[in-house]
Structures are given as C-alpha cells and as structure tokens.
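What follows is each chain in one-letter form.
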Amino acid sequence: MRKTNTTFPARAAAASAALLSAGLLAACGGEAPETDQAAEAAEPSAAASVTVTDAWVKATEEDMSAVFGVLENASGTEAHLVAAESDLAMTELHEVVESDGSTVMREVPDGFTVPAEGSHELAPGGDHIMLMGLGAPIVAGDEVTVTLEFEDGSELELTAVAKDFEGGDEEYRPGDMGDM
Amino acid sequence: MEPKRQRLNRRGLLGAAGGAAALGAVGAGAAALGRGSDETEPAAAPATTVPFHGAHQAGITDDAPSQAVLLALDVNDDVDADRLAAVMRLLSDDAARLTQGEAALADADPELAAEPALLTVTFGFGLDLLDRLGLSVPAGAGPLPAFSVDRLEDAWSGGDLLIQVCGEGDLALSHAIRMLVKDSRSFAGVRWAQRGFRQRPAGGGTPRNVLGQIDGTSNPDPGSADGGEAIWFGPEAGALAGGTVMAVRRMRTGLDRWDRLDAVGKDRVIGRRIADGAPLTGEAEDDPVDLDAREDSGLPVIPTNAHVRRAIEAGETILRRSYNYDDGPGPDGESDTGLVFIAYQADIGQFIAIQEHLAEADLLNDYAVPIGSAVFVLPPGCEEGGWIGQGLFA
Ligand code: HEM
Ligand SMILES: [Cu+2]
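Each chain has its residues counted from 1, following the order in which its sequence is written. Chains and ligands are labelled sequentially in the order written, the chains with letters from A and the ligands with numbers from 1. Owing to the predicted nature of the model, reporting of local features is limited to residues with pLDDT of at least 70; listing and counting of side-chain atom pairs is limited to 80 or more, with chain, interface and lining totals taken over all residues. For side-chain calculations, the full set of non-hydrogen atoms in the structure is used, while hydrogens and water are omitted.

Where helices and strands are cited, they refer to DSSP runs of H or I of at least four residues and of E of at least two residues respectively, numbered from the N terminus. A count of helical and extended segments in chain A gives 3 helices and 11 strands. The order of helices and strands in chain A, counted from the N terminus, is α-α-α-β-β-β-β-β-β-β-β-β-β-β. In chain A, buried positions account for 49% of the 180 residues. Taking the intrachain contacts of chain A between residues at least 6 apart in sequence as the baseline, contacts between residues at least 24 apart amount to 70%. What sets the accessible areas is the Shrake-Rupley method with a 1.4 Å probe; for residues, cover comes only from the shown protein chains. Counting only carbon and sulfur atoms, one obtains 50% of the accessible surface of chain A, whose full area is about 8500 Å². Exposure classes here rest on a 1.4 Å probe applied to the protein chains alone. A residue is buried below 20% of its type maximum, exposed above 50%, and partly exposed in between. Only heavy atoms matter for contacts: two residues are in contact if any of them lie within 4.5 Å across the pair.

As a further point, take the pattern of salt bridges. We define a salt bridge as a contact between a side-chain nitrogen of Lys or Arg and a carboxyl oxygen of Asp or Glu at a distance within 4 Å. Considering all chains together, one arrives at 17 salt bridges over all chains under this definition. When the shortest N-O distance is used, the salt bridge between B:R249 and B:D150 registers 2.7 Å. With B:R249 in strand β5 (residues 244-253) and B:D150 in the loop between α2 (127-132) and β3 (161-167), the pair connects residues that are 99 residues apart, well separated along the chain. An identical accessibility class is assigned to B:R249 and B:D150; each is buried. One salt bridge in this structure joins B:E168 and B:R200, with 2.7 Å as the shortest N-O distance. Pair noted here: B:E168 is in the loop between β3 and α3 (170-182) and B:R200 is in the loop between β4 (188-197) and α4 (225-231), with a separation of 32 residues, a long-range link. Like B:R200, B:E168 is buried. Connected through salt bridges with shared partners, the residues A:D54, B:D93 and B:R97 form a single ionic network.

On to the site of ligand 1, then. Residue and element names in this part refer to chain B. Taken together, 25 residues lie near ligand 1, and G216, T217, S218, H307 and R320 sit nearest. A 3.5 Å cut-off defines polar contacts: any pair of N or O atoms within that distance qualifies, except that in protein one atom must be a possible hydrogen donor and the other a possible acceptor, and neighbouring residues in sequence count only when both atoms are side-chain atoms. One of the backbone nitrogen or oxygen atoms of T217 is found 2.9 Å away from an oxygen atom of ligand 1. One of the side-chain N or O atoms of R320 is found 2.9 Å from an oxygen atom in ligand 1. For the shell around ligand 1, the elements supplying multiple residues, two or more each, are α7 (307-313), β8 (337-345) and α8 (348-360). Residue composition of the shell around ligand 1, by class: 15 nonpolar, 7 polar and 3 charged. To be near a molecule or strand, a residue needs just one of its heavy atoms within 4 Å of it. Put simply, Ala, Val, Leu, Ile, Met, Phe, Trp, Tyr, Cys and Pro go in the nonpolar bin, Asp, Glu, Lys and Arg in the charged bin, and everything else, Gly too, in the polar bin.

So, on to the confidence of the model for chain B. Residue and element names in this part refer to chain B. Values of pLDDT, which run from 0 to 100, indicate the predictor's confidence residue by residue. Per-residue confidence for chain B gives a mean pLDDT of 90, with 89% of residues at or over 70. pLDDT under 50 marks residues 1-38. Its contacts with residues more than four places away, or in other chains, come to 84 contacts. Prediction confidence for the complex, expressed as pTM and ipTM, is 0.85 and 0.80 respectively.

To continue, consider the coordination of the copper ion (ligand 2). In an ideal tetrahedron of four donors about a metal, each angle is 109.5 degrees. In an ideal octahedron of six donors, the angles are 90 or 180 degrees. Residue and element names in this part refer to chain A. Donor atoms from the polypeptide that coordinate the copper ion (ligand 2) comprise H94 (ND1), M105 (SD), H128 (NE2) and M130 (SD), at 2.1 to 2.3 Å from the metal. The coordination sphere of the copper ion (ligand 2) comprises 4 donor atoms, whose angles at the metal cover 97 to 119°; the geometry is tetrahedral. Sequence positions of the residues that donate to the copper ion (ligand 2) give the spacing H-x10-M-x22-H-x1-M. Note on H128: relative accessible area 3%, which makes it buried. Counted as donors are the N, O and S atoms within 2.8 Å of the metal, or 3.2 Å for Na, K and Ca, while water is not among the atoms, so some sites may look incomplete. The geometry test gives tetrahedral to four donors whose angles all lie between 85 and 135 degrees, gives square planar to four donors and octahedral to six donors whose opposite members are over 155 degrees apart with all other angles between 65 and 115, and gives irregular to the rest.

Our focus in this paragraph is the nonpolar core. Residue and element names in this part refer to chain B. Nonpolar core, defined: a set of buried Ala, Val, Leu, Ile, Met, Phe, Trp, Tyr and Cys residues in which side-chain atoms within 4.5 Å join the residues together. If you look at the biggest cluster of nonpolar residues, it comprises 77 residues, and the most contacted ones within it are L84, M88, F123, F187 and F351. For this core, the leading source of residues is helix α1 (residues 81-99), giving 9 residues. Among residues more than four places away in sequence, those in contact with M88 are F123, F125, L161, W387 and I388.

Here the protein supplies the iron atom of ligand 1 with just one donor, B:H307 (NE2), and that contact is 2.0 Å long. For B:H307, the location among the structural elements is in helix α7.

This next bit is on the pairing of strand β1 (residues 67-75) of chain B. Residue and element names in this part refer to chain B. Across the 9 residues of β1, 8 count as buried, placing the element largely inside the fold. We treat two strands as partners when DSSP finds at least two bridges between them. Bridging between β1 and β4 involves 9 bridges; their strand directions are antiparallel. If you follow D74 over to β4, its bridge partner there is G189. Relative to β3, β1 runs antiparallel, the two sharing 7 bridges.

Moving on, we come to the interface of chain B and chain A. Listed per partner, the contact involves 17 residues of chain B and 16 residues of chain A. When the two sides are added together, the surface that chain B and chain A hide from each other amounts to roughly 1400 Å², 55% of it contributed by carbon and sulfur. On the surface where chain B and chain A come into contact, there are 3 salt bridges. A:D54 is paired through a salt bridge with B:R97; the nearest N and O atoms lie 2.9 Å apart. Inspection of the chain B/chain A interface yields 5 residue pairs in polar contact (both at pLDDT 80 or more). Listing elements by their share of the side of chain B that touches chain A, those giving two or more residues are α1 and α3 of chain B. Tallying contributions element by element places α1(B) first for the side of chain B that touches chain A, with 7 residues. In terms of residue class, the side of chain B that touches chain A is built from 9 nonpolar, 1 polar and 7 charged. Take the accessible area each of two parts loses on contact, using a 1.4 Å probe, and add the two losses: that sum is the buried area.

Take a look at the structure:
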C-alpha cells in the first residue's frame, strides 16, 4: 500500500513531532505560538489572532469522526490554516462538495482561510477537520484535543467536546489520493 | 460567525418573583404567583429567559411556568464518576445555551432554540447513583420510608439522574428535551418521564389544581432568612451548599369520587374554601389559618383531619412547586389525572415529617394516592464556565 505523502508532505513529519499532551486541556483560545518563526515575526502570529469557539467533535464508534467549531480572526491579516493534528487520529482538513448528485467530502486543496477580522465556520455538511483511523470510540462528553497549524508556523490548540449527532455522514471520497 | 443572540431582559425582570408573570401570552394581569410578590411588572418587553447561572439552580424558586417535564434517567452500570462529570459538563452547556435562546452545540434544529419562553433546566442526582459512584451524599438527603398511603408503581419511581425542564413554550421544551436526551443516550436510559401543567389565572394569583383547589398559597418566601434555610443546604453541606433535596411524588386523584362531594365537603377536606382559597377561619386567601377556632358547637372550624391542619401540625416547612397531569381518560371514561407533587427542602426530614403526618390522617387521602416516588439531590447553581454538580466531583 502506497503512502500518500505527496498530498501533505510537510504534515506527515510534523505530526509525530508536535503531539501535545492529552492532559493539557486548555480552554479554546489564542495561545502564544511555540515556534521560533512566529516568535520572531513582527505581527502577531495567526495562532495568537485566531480563537476557536463552540468546538465539538462527533461522538462515534467508527474509526472516523470530524471536529467542528467557529474560527474567529481578530487581526487585520488573514489567517491561513494549513493542517491540524491530533494524537488520536490522522487528521485532514475537509470540505463537502457535490459529486454525481450526492454530497461527498474530500481534503481541501489549500487549507482554510480565516479572513481578516472575520470568521470561518466548520460545520456538519461543510468544512471540517477530519479524524481518521481513530483507535478508540469517542463518547459524548469526551474532550478531544486538536492542534491547528497555520501557514506562518504558529500553532493553536483547541479542545472539542464530543456530542452525539446523526448528520454529517458524507461519504469519504479521497479521490486520487490513493489508498490510506 | 455565530452572532451572539440578544438576551432579553434578564435579571431585571426576573427578580424575587416577577418572572413568568410578564409573559404576555399567558396572563394579562401581571401579578406574580406565590408569596411575597406584591410588585407588579411594568409594561416593558416581556422577559423570555430565566438566568441559568447563579447561586442556586433555576426552576426551583422562580415562578413555575405553565409546562414541566420531569425526566428520570438510569445511568448505565459502567459509568464512573469521571464519565458522569464529563456528561454533566455537556448537559450543563446544553442547558446554559438553550435556556438563553441559543442553539446547543451540535443542535440539529437550531431554529427551535430561538424562543426559550422562560425555559429552565434543573439537574439532580439519585441517592443510589451517588452511593454507587462513591460521591458524597449531603446530610440533608436520604431515602423516603414507605408511607402507609403509598401505592407506588415502578414506572413512576426512582431514577439516577433527574432533568426537570420547565417553560411556557411547548416547542422549546420539546426541543430542549430532545437535545438533553440525545446527549444522555450514551450513558443513560430513560426510566420515566412525567409531564405536568399549570394554568395561570387570567387575573393573576395562585393557580388551581385538577381538583379545582387553589393550590400553592402557603409557601415559604425564599427571599426570607427562614424561607432560605428551609429550602437550601447550608454551609455545612460544603460544595453542595445552595443545593436542595427534591421529592417528586406522583399522586393520582380520584375525580369520580371527588365529584360526589358537595361544595362544603370539598372545603372541609382541605380546610380552605374551593371558591377563593380562603381558610375556613378567614375571608381572603392570605388570611391566617386559625387552627384553634371553634364552631358554636365546639367543633373545630378547620376539621381535625383537614389537609392543611395535618400539614401545619407536622411543624415543618417545604417549598411546594407542583404540577398537574392528565394522561387522558381510559376506555371506560375514567380520567387519569393527578399531581406531579414536587417539594424542595434543605432536609428530606422536613418532607418526611409532613408526609408521615398526612399518611396518618388526612381527608385528602381518599382522593389522592401516591403512585410514584423519587428523591434527588439538586446541586447548587454554577457560574459561567462552571457546570452543575462540579462540587461533587472535586
Ligand atoms: C394530590 C395531592 C395534594 C393536593 C391536591 C394538595 C392540595 C393542597 C391544597 C389545596 C392546599 C392549600 C393551599 C396551599 O397552601 O397551597 C395544600 C396545602 C399544603 N399541602 Fe398539600 N396537597 C397535596 C399533597 C401534599 C403532599 C404530598 C404534601 C407533603 C407531604 C402536602 C403538603 C402541604 C403543605 C405543607 C401545605 C401548606 C399548609 C399550610 O402551611 O397552610 N400536600 N395542599
Ligand atoms: Cu471528512
């Protein structure tokens, strides 16, 4: 089976390095970036400008789930979310599109953009952070930590609470990404 | 972006007693229910929300709105204290949002959250559950003994987790229950659901129950020191101070039998007049009950076994906030009505003393029979960011 590093080259490496302690369930919100590039930047990093509210994750007994919430950007510069990580699962940024008369989800080609002084909503039936290859069920009330990675290298940790939810079961069409 | 919805007239209109009275759809007369509530509301926009956060949980001392649904859940055996804490956080968050007119997280029908119509959500824990999880049971809480009048049915008794939902909006209630039960499914099943109603008199004042009696006249004033002490756990309860213990008693009323009584007979059962709720020793509803008054014949004016005499002579105070139920006539045309009798008190002993006294002798026993019974520990309220029951898990 072929590993599909071509579609997310930088991330595969980062994923193993940047696992955050699961016990660190800090409330959602901008945190000081930990990376060097961001610390040196003159402008506040994307992670420092973006807050996440109403984050939740779909409870599931399957090996896939998704994280939703609202990303708000307080700065005058757009924030470009390029990846997400979780120590629970493989993570991709997904969108939902029409295909052959049905809705399917697939990885977004270029991440999510949170406009300057604007927001970007992750919701069932729309953009979401996909969790794949979950090792254990997620039950209602669980808290799942996901780290968002922005283009400027800054990182933001969010805690999503698990809710039982019936919708958002779009078929996964990895397209030409190959077998996973 | 999810715009923060406007929160209408919160604390302002919902003072000691105002609350529900202002809801335009229900009563033109804005007089509040209950005691110690002589302030009338200005003709401002009606309040539509009851604050969720505060020292005490909502849904206890605020004016009872017209609808209530009580749910008792049985928590699965494999649920431990950590898991219960996690779901209480979740359920508290649902309640905090829904009662303020905001959709819950993962709300499949967010539009139904927009009009909360005085929605309140109140949580309580059954004693067995607290025991099972090794959580502390406050000194004021304890099980009820069997009372001689009890004809209890399992279908209406017990339960690990109480969710009391009250409000004026049928859809808001239905939606809130749907959300809360959905979020409970993974750790609990529904043991029973009891639906109750009250009808606010158009001119204001104390409502009547299914027996036609004006019911709820003599209740402690939660704002007074004595009243507060009768209702809430004190500082000795530690993290549970500001909580209360709740007795839910489903009481089936025998309306066919009640119908056979004439007006005088009905008055004597309670010791108050059906017509205006005044004690048989007074002229107006608020007149004192004079247990010593005698007829010329020497017999007590308020009969020896009248409900209020027996209740008063028990010497305890409880906060009653009961609802009626009507589950429709059966095939034989006999009605299935009664009270979802609800009492809150600092110590379950207060309730037991009264119920024991009533069981011993009470003319009302011929017309109302307890068929369901449950006791729940209601933790205090929480502040924003906190959740109901937090102190129990510390
Ligand atoms: C179907 C069942 C019941 C009905 C229809 C009923 C009805 C009434 C009515 C009409 C009054 C007089 C008005 C008022 O003060 O609210 C009253 C008073 C009262 N009832 Fe009941 N009641 C029922 C069950 C109970 C139970 C189970 C208890 C407690 C164990 C209880 C305790 C009291 C108390 C403490 C009072 C106030 C006495 C006073 O201070 O004047 N009632 N009830
Ligand atoms: Cu997806």
